[in-house]
Amino acid sequence: MVQQRWADAAVAVAFEELDPVSAFPVVPGRRWGPGLWWSATTGRHVASGSNAMRAQLMVLDRDPMVVGLAGRPVRALWRDGRGRVRSWVPQLFARYKDGTGMLADCPSHTEAGGERALEAAETVAEACAQVGLVYRRLEPLEKTLVANLKWLAGYRHPRNQGRPGLAADVLEAFARPRPLIDGVEAVGDPIEVLPVAFHALWHGQLTVALDVPLHERVLVHSPMVPAGTGGPVDQRAAAVQGCDVVRGRGGHEVGGGAGGQAVSGGTNQCEGGAAGGSGRGGEAV
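Description of the structure in this document. Here the structure is a predicted model, which means the values were calculated and not measured.

The rules we used
- In this convention, every chain numbers its residues from 1, walking through the sequence in written order.
- Under the rules for a predicted model, residues below a pLDDT of 70 receive no local features and side-chain atom pairs below 80 are neither given nor counted, while totals for whole chains, interfaces and linings still include all residues.
- As a rule here, side-chain values cover all heavy atoms of the structure and leave hydrogens and water aside.
- All axes are obtained by fitting lines to C-alpha atoms, using only the stretch in contact for helices, and the reported angles, taken between N-to-C directions, cover 0 to 180 degrees.
- The secondary structure listing takes helices from DSSP runs of H or I that are at least 4 residues long and strands from runs of E that are at least 2 residues long, numbered from the N terminus.
- It is the rotation of the near helix from the far one that decides the hand of a crossing: anticlockwise by less than a right angle makes it left-handed, clockwise makes it right-handed.
- Contacts are residue-level and defined by heavy atoms, with any inter-residue pair within 4.5 Å sufficient.
- Residue polarity follows a fixed list, in which Ala, Val, Leu, Ile, Met, Phe, Trp, Tyr, Cys and Pro are nonpolar, Asp, Glu, Lys and Arg are charged, and the others, Gly among them, are polar.
- Here the rule is simple: two strands pair whenever DSSP picks up at least two bridges between them.
- Whenever Lys or Arg places a side-chain nitrogen within 4 Å of a carboxyl oxygen from Asp or Glu, that contact is recorded as a salt bridge.
- The criterion is simple. A nonpolar core is a set of buried Ala, Val, Leu, Ile, Met, Phe, Trp, Tyr and Cys residues joined through side-chain atoms within 4.5 Å.
- For each residue, the accessible area found with a 1.4 Å probe, counting protein chains only, is set against the maximum for its type, and the residue is called buried under 20%, exposed over 50%, and partly exposed in between.
- Helix span, as expected, comes to 1.5 Å for every residue beyond the first.

1. A short note on the packing of helix α2 (residues 51-62) against helix α4 (residues 143-153)
- In contact at an axis separation of 10 Å, α2 and α4 are set at 60° when each is read in the N-to-C sense. Handedness of the α2/α4 crossing: left-handed. Contact with α2, carried on its side by R54, A55, M58, V59 and R62, involves V146, L149, K150 and A153 of α4 and no other residues of that element.
- Classifying every residue of the contact of α2 with α4 gives 6 nonpolar, no polar and 3 charged.

2. Thoughts on the pairing of strand β5 (residues 85-88)
- Two strands pair when backbone bridges link them, and strand β4 (residues 76-79) and β5 are joined in this way by 4 bridges, in the antiparallel orientation. From the neighbouring strand, A76 faces β5, where its bridge partner is W88.
- Connecting β4 to the next strand, β5, in antiparallel fashion are 5 residues, including G83 with a positive phi near 85°.

3. Some details on the pattern of salt bridges
- Under the defined criterion, the tally for this structure stands at 5 salt bridges.
- In this structure, E192 engages R163 in a salt bridge whose closest nitrogen and oxygen atoms are separated by 2.7 Å. With E192 in helix α7 (residues 190-202) and R163 in the loop between α4 and α5 (166-173), this pair connects stretches of sequence that are 29 residues apart.
- D182 is paired through a salt bridge with R217; the nearest N and O atoms lie 2.9 Å apart. Taken together, the residues span a long stretch of sequence, with D182 in helix α6 (residues 180-187) and R217 in the loop between β10 (207-208) and β11 (219-221) at a distance of 35 residues.
- What emerges from the salt-bridge pattern is a single network uniting D80, R84 and R86.

4. Brief notes about the nonpolar core
- In this structure, M58, L60, L92, M102, F174, L180 and V220 are the most contacted members of the largest nonpolar core, which totals 44 residues.
- With 7 residues, the top contributor of residues to this core is α7.
- Residues contacting V220, with those up to four places away along its chain left out, are F174, R176, P177, R178, L180, L201, L206, T207 and V208.
- In terms of nonpolar packing, the next biggest core, distinct from the first, is built from 21 residues, V13, L18, V131 and Y135 among them.

5. So, the sheet that holds strand β8 (residues 133-137)
- Strands sit in the order β3-β6-β7-β8 across an open sheet of 4 strands; the sheet is mixed. Edge positions in the sheet fall to β3 (66-71) and β8, since each of these pairs with one other strand and no more. If you compare each strand with its neighbour and ignore which way they point, the axes differ by 20° on average.
- Note: strand β6 (residues 92-96) against strand β7 (residues 101-105), 4 bridges, orientation antiparallel. What sits directly across from L92, in β7, is A104.

6. Examining helix α3 (residues 114-130)
- Under the 1.5 Å per step criterion, the end-to-end length of α3 is 25 Å for 17 residues, consistent within 8% with the ideal 24 Å.
- Buried residues of α3: A117, A120, A121, T123, V124, A127 and C128, and no others.
- Phi turns positive one or two residues past the end of α3, at G132, with a value near 85°.

7. Points about unusual backbone geometry
- Of note in this structure, R72 is not a glycine but carries a positive phi near 50°.
- Mapped onto the secondary structure, R72 falls in the loop between β3 and β4.

What follows is the structure, given as structure tokens:
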């Protein structure tokens, strides 16, 4: 066990590199259970616990500002106003290029988790704000956007870049806005070219409106097209803000109400760390 102030732990620990502190629950009767999301951003798997969380992972995985992702890497513990120990495990963590980070939950509807979740969100957000992180309950995404992201996600892997030179030809074909199928056929056989176009759309090398269903006549263009040409704009949702924490590869880090305690057990710390939070100005173990 390593004991340190929560503020120090939040700066020193790469939460995006940690394994989940606990498994996502399996709910009998649900059509979709926990799984792993392969991140095109990191080349690693991220634990996912629900359809709503997977949708938010897709948005973050496409965000060029995101450089790291992790599922359930921290556990927050604190004492409430009556001295009772409380805890919460945010569903995901995202690290941005500027070094900031976001801890977030991905409810399937605005009132998911009930009063306990809302109270935890306030406490975790307060502790996150003290260390330059943010916490958010990410709003559920619109169905059409999710369906489009799921389709493009099927082509996110580098194997869909195509043979050398093909990707450059695809980008050139959409130097001006044009229907997807027209640009693809201008390059070559759609069977070969479409996966490359979808790969470019996933990675933002090509853009398309994602608030309408994708189809062969949807307008696609290169982001290098000058502003004011009337081309479509990428409508992907933006995820932001952050949290208080417990983290670990098998361990926990605990954040307190407003700077409480964090207990962690990482690869360079003892396994199976536990957390006990204190009121304000506590410590991180």
